[in-house]
Amino acid sequence: MEDTAAKSPRDSEVVMTQLILPSDANNLNSAFGGKVMEWIDICGAIAAQRHCRQVVVTASMDDLHFHAPIRVGWIAQLRARVLATFRTSMEVGVTVHAENPLTGERSLTTSALMTFVALNQERGRVQVPPLKLETEEERIAAHEAEERRTQRMARRKASQAWLRVMPE
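All figures in this text were calculated on a predicted structure; none of them were measured in a lab.

Draft legend 1. Region of interest: the side chain of Asp24. One can find Asp24 in the loop between β1 (14–19) and α1 (33–52). Non-local contacts of Asp24, meaning those with residues more than four positions away in its chain, are made with Leu19, Ser30, Ala31, Phe32, Lys35 and Trp39.

Draft legend 2. Seen up close, the packing of aromatic side chains. Under the counting rule described, the total for this entry stands at zero aromatic pairs. Directly above the aromatic system of Phe86 lies the positively charged group of Arg149, at a separation of 4.7 Å from the ring centroid.

Draft legend 3. Highlighting the sheet that holds strand β3 (residues 75–85). Strand order in the open sheet formed by five strands is β1-β3-β4-β5-β2, with antiparallel pairing between adjacent strands. Of all the strands in the sheet, just β1 and β2 (55–66) have a single pairing partner and so form its edges. Neighbouring strand axes in the sheet, compared pairwise and without regard to direction, differ in orientation by 25° on average. In the sheet, β3 pairs with strand β4 (residues 89–99) via 10 bridges, with the strands oriented antiparallel. Along β4, the bridge assignment pairs Arg81 with Gly93.

Analysis parameters
- Residues numbered from 1 in each chain as written.
- Predicted model: local features only at pLDDT ≥ 70, side-chain atom pairs only at ≥ 80, totals over all residues.
- Heavy atoms only, no water.
- Helix = DSSP H or I, 4+ residues; strand = E, 2+ residues; numbered from the N terminus.
- Contact = heavy atoms within 4.5 Å.
- Phe/Tyr/Trp six-rings, centres within 6.5 Å; stacked < 30°, edge-to-face > 60°.
- Lys NZ or Arg CZ within 6 Å of the ring centre and 35° of its normal.
- Pairing = 2+ DSSP bridges.
- Axes fitted to C-alpha atoms, helices over the stretch in contact; angles between N-to-C directions.

Next comes the structure, spelled out in structure tokens:
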């Protein structure tokens, strides 16, 4: 049975910590962007799954920005939380901060907005619980997410011409 009671965004919060190892690095001795994207996807999925208590799949990754590198030997801390819910989907915000383990200095390195869709056992879409928005910041974030969703849906229909130039 689906849980449709409104839930606080705080209930979906996830904190993940990763040590940047040489196997995670590119040729510039900093975290490989694809590895950071993988961690973002996992962290965001956990937040979405915590919110709806269903299996979720990634529908889109929007506004992924690499602000600064994360050096080998440094610590990456990822934070995610559900920002908005729709009928069967959720927008999740994920940030990555780097920490120099020798000085404790921390800085924002990556940010992303992601959309996850909740699925039932038959792999069909399932309704997600609404968010219980408790602060003005949460209400603003949810409103902005609704505007992004409207823009994303319009873009999806209008910007697929580039696919025709890609070989099969």
